[in-house]
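Okay, here's what each chain looks like letter by letter:
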Amino acid sequence: MSLQHLLRPEHVLLGLEVTSKKRLFEEIGFLFEQSASVTRAHITDSLFARERLGSTGLGYGVAIPHGRIKGLKDPQLAAVQLKEAIGFDASDGAPVNLIFALLVPENATQKHLDLLAEIAELLGDESKRTALKTATDVTTFMAIVHADTPL
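Note that the structure is predicted; figures quoted are calculated from it, not measured.

## Section: the pairing of strand 6 (residues 96-105)
Here comes step 1: Counted residue by residue, strand 6 has 10 buried out of 10 residues, so it is predominantly covered.
Here comes step 2: Where strand 3 (residues 62-63) lies against strand 6, 2 bridges are found, and the strand directions are parallel. The residue bridging Ala 63 from the neighbouring strand is Ile 99, located in strand 6.
Here comes step 3: Taken together, the 4 bridges between strand 4 (residues 66-69) and strand 6 define a ladder with parallel strand orientation. Bridging across to strand 6, Arg 68 finds its partner in Val 104.
Here comes step 4: In the sheet, strand 5 (residues 76-86) pairs with strand 6 via 7 bridges, with the strands oriented antiparallel. In the strand pairing of strand 6, Ala 79 is matched with Phe 100.

Dropping the structure here:
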């Protein structure tokens with residue numbers, strides 16, 4: 001399953017207003033709780049456990065928080081564009097306003113790495129990254145994710 005097939009429009013949040021990583025992870029937990037049949041607390045705990053190993057902030061205002069979830073059947077992906085950037089302890093010190101949150105089954109090691117690489121490749125394209133940060137509707141956001149060529 002590729003990034004384009006994994007990201008569903010109902011898992012794209014644009015203009016979300018949060019003031020901390022904690023609130024962001026709670027919102028992501030709420031979003032996935034509906035579709036993944038995993039409790040919000042379990043999701044939030046998994047994201048924070050990974051974050052304690054080192055920030056998932058990549059720089060350039062983007063982050064890919066991710067976690068492994070026992071009992072999860074299929075990978076889950078959400079994209080969040082924040083109204084105002086928040087601190088994320090990224091390597092370049094820049095606050096983050098574009099987040100792709102990934103949850104994978106506990107034993108999906110290779111799939112986990114493949115999906116992280118695919119997301120990093122998307123976010124590494126400066127024109128796509130900028131377009132995703134400024135998209136004003138989900139249809140446009142999804143079109144950017146699905147575009148195979150640089151913008």
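Anyway, onward from the coordinates.
## Overview of the packing of aromatic side chains
Here comes step 1: Enumeration according to the criterion identifies 3 aromatic pairs in this entry.
Here comes step 2: Between the aromatic rings of Phe 25 and Phe 48, the centroid separation amounts to 4.8 Å while the plane-to-plane angle is 65°, which identifies the pairing as edge-to-face. Of this pair, Phe 25 sits in helix 2 (residues 21-36) while Phe 48 sits in helix 3 (residues 40-53); the two residues are 23 residues apart in sequence, bridging distant segments of the chain.
Here comes step 3: Aromatic side chains Phe 25 and Phe 88 sit 6.2 Å apart centroid to centroid with 75° between the ring planes, which places their arrangement in the edge-to-face category. In this pair, Phe 25 is assigned in helix 2 and Phe 88 in the loop between strand 5 and strand 6, connecting sequence segments 63 residues apart.
Here comes step 4: A residue is classified by how much of its surface remains accessible, and Phe 25, at 0% relative accessible area, is buried.
Here comes step 5: A relative accessible area of 1% means that Phe 88 is categorised as buried.

## Some remarks on helix 5 (residues 126-134)
Here comes step 1: For helix 5, the full list of buried residues reads Lys 128, Arg 129, Ala 131 and Leu 132. Looking straight down helix 5, one finds its buried side chains confined to an arc of 165°; they lie on one side. Helix 5 presents Glu 126 and Thr 134 as exposed residues on the side facing more than 90 degrees away from its buried surface.

## Remarks on the confidence of the model for the chain
Here comes step 1: Confidence in the prediction for the chain averages 90 pLDDT; 95% of positions are at 70 or higher.
Here comes step 2: Mean pLDDT across the elements of the chain ranges from a minimum in helix 1 (residues 3-6), with 82, to a maximum in strand 1 (residues 12-16), with 97.

## Observations regarding the packing of helix 5 against helix 6 (residues 138-146)
In a pair of packed helices, the angle between the axes and the distance between the axes together describe the arrangement.
Here comes step 1: It is the contact of helix 5 with helix 6, at a shortest axis distance of 9 Å, that shows an interaxial angle of 165°. When the axis of helix 5 is compared with that of helix 6, the two are roughly antiparallel. You can see that helix 5 and helix 6 cross each other, and the crossing is left-handed. Packed against helix 5, whose contacting residues are Lys 128, Ala 131 and Leu 132, the element helix 6 presents Phe 141, Ile 144 and Val 145 at the interface.
Here comes step 2: Tallied by class, residues from the contact of helix 5 with helix 6 come to 5 nonpolar, no polar and 1 charged.

## Digging into the side chain of Ser 46
Here comes step 1: Turning to its location among the elements, Ser 46 is positioned in helix 3.
Here comes step 2: Here Arg 68 takes part through its backbone oxygen, which lies 3.2 Å from a polar atom of the side chain of Ser 46.
Here comes step 3: When neighbours within four sequence positions are excluded, Ser 46 is seen to be in contact with His 66, Gly 67, Arg 68 and Ile 69.

## Brief notes about the nonpolar core
Here comes step 1: Among the nonpolar cores identified, the biggest contains 25 residues, and Leu 7, Phe 100, Leu 132 and Phe 141 are the most heavily contacted of them.
Here comes step 2: Those elements giving two or more residues to this core turn out to be helix 1, strand 5, strand 6, helix 4 (109-124), helix 5 and helix 6.
Here comes step 3: At 5 residues, the largest contribution of residues to this core is made by helix 4.
Here comes step 4: The contact partners of Leu 7, leaving out residues within four places of it in the chain, are Val 12, Leu 77, Ala 78, Ala 79, Phe 100, Phe 141, Met 142 and Val 145.
Here comes step 5: Counting 23 residues, the second-largest nonpolar core is a separate cluster that includes Phe 25, Ile 28, Ile 43 and Ile 69.

Calculation notes
Residues numbered from 1 in each chain as written. Predicted model: local features only at pLDDT ≥ 70, side-chain atom pairs only at ≥ 80, totals over all residues. Heavy atoms only, no water. Buried < 20%, exposed > 50% of the residue type's maximum accessible area, 1.4 Å probe, protein only. Helix = DSSP H or I, 4+ residues; strand = E, 2+ residues; numbered from the N terminus. Pairing = 2+ DSSP bridges. Phe/Tyr/Trp six-rings, centres within 6.5 Å; stacked < 30°, edge-to-face > 60°. Arc of directions from axis to C-beta. pLDDT = per-residue confidence, 0-100. Axes fitted to C-alpha atoms, helices over the stretch in contact; angles between N-to-C directions. Parallel < 35°, antiparallel > 145°, perpendicular 65-115°, else oblique. Left-handed = near helix turned anticlockwise from the far one by under 90°. Contact = heavy atoms within 4.5 Å. Nonpolar A, V, L, I, M, F, W, Y, C, P; charged D, E, K, R; others polar. Polar contact = N/O pair within 3.5 Å; in protein donor to acceptor, adjacent residues only side chain to side chain. Core = buried A, V, L, I, M, F, W, Y, C linked by side-chain atoms within 4.5 Å.

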